[in-house]
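Commentary on secondary and tertiary structure
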Amino acid sequence: MFGDGTPRKAFLTALGVGTLLTLINHGDVLLSGHAPPLHKVVLTYCVPYCVTTWGAVTGKRAQLARFEMRQR
């Protein structure tokens, strides 16, 4: 979860995907000159961060399980 550059990769993914989703979900509010609710924008960035981290963790666990099976 904290190794192999996972936090950096998750951050960069969240930055890109979060920005895109913010524009899709709140673009009309932004174009009208208003700010969307901050908690919604924060969650919009948190979701891709968590999904990327979860994917990395489950992938590493699966890889470890395959390695352990080969060792038997």
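Notes on the structure in this doc start here. Model, not experiment: these values are computed from the prediction.

Side note on the pattern of salt bridges
By the definition in use, this model includes 1 salt bridge. Notably, a salt bridge pairs Asp-4 with Lys-60, separated by 3.7 Å at the nearest N-O pair. Note that Asp-4 is positioned in the segment before helix H1 (6–31) and Lys-60 in helix H2 (residues 38–71), a separation of 56 residues in sequence. The exposure class of Asp-4 is exposed, given its relative accessible area of 62%. Of the residues examined, Lys-60 reaches a relative accessible area of 27% and is grouped as partly exposed.

Some thoughts on the state of the cysteines
Evaluation of the coordinates by the stated rule reveals 0 disulfides. Left without a disulfide partner, Cys-46 is nearest to the cysteine sulfur of Cys-50, which lies 6.0 Å away. Accessibility expressed as a relative area gives 36% for Cys-46, which makes it partly exposed.

A closer look at the packing of H1 against H2
Direction vectors running N to C along H1 and H2 enclose 140°, while the axes themselves pass 7 Å from each other. Here H1 lies oblique to H2, going by the angle between them. Taken as a pair, H1 and H2 cross one another with a handedness that is right-handed. For the contact of H1 with H2, the class distribution of residues is 12 nonpolar, 9 polar and 3 charged.

Description of the side chain of Thr-53
Mapped onto the elements of the fold, Thr-53 is located in helix H2. For Thr-53, a relative accessible area of 9% corresponds to the buried category. In this view, Thr-53 contacts Met-1, Thr-6 and Ala-10; residues no more than four positions away in its chain are not counted.

What counts, and where the lines are drawn
Throughout this description, residue numbers start from 1 for each chain and increase along the sequence as written. Per-residue local features of the predicted model are confined to residues with pLDDT of at least 70, and side-chain atom pairs are confined, for both listing and counting, to 80 or more; whole-chain, interface and lining totals are unaffected and use all residues. Excluding hydrogens and water, the side-chain values take into account all heavy atoms of the structure. Any carboxyl oxygen of Asp or Glu within 4 Å of a side-chain nitrogen of Lys or Arg constitutes a salt bridge here. Helix and strand definitions here come from DSSP, where helices need a minimum of 4 consecutive H or I residues and strands a minimum of 2 consecutive E residues; each element is numbered from the N-terminal end. Burial here depends on accessible area, computed with a 1.4 Å probe over protein chains only, as a share of the maximum for the residue type. Under 20% is buried, over 50% is exposed, and the range in between is partly exposed. The disulfide criterion is simple: two cysteine sulfur atoms within 2.5 Å. Here an angle of 0 to 180 degrees is reported between the N-to-C directions of two axes, which are lines fitted to C-alpha atoms, with helices fitted over the stretch in contact. Working definition: roughly parallel below 35 degrees, roughly antiparallel above 145 degrees, roughly perpendicular at 65 to 115 degrees, and oblique for all remaining angles. Each helix crossing is assigned a hand: it is left-handed if the near helix lies turned anticlockwise from the far helix by less than a right angle, otherwise right-handed if that turn is clockwise. For this classification, Asp, Glu, Lys and Arg are treated as charged, while Ala, Val, Leu, Ile, Met, Phe, Trp, Tyr, Cys and Pro are nonpolar and the rest, including Gly, are polar. Residue contacts are counted whenever heavy atoms from the two residues lie within 4.5 Å of one another.

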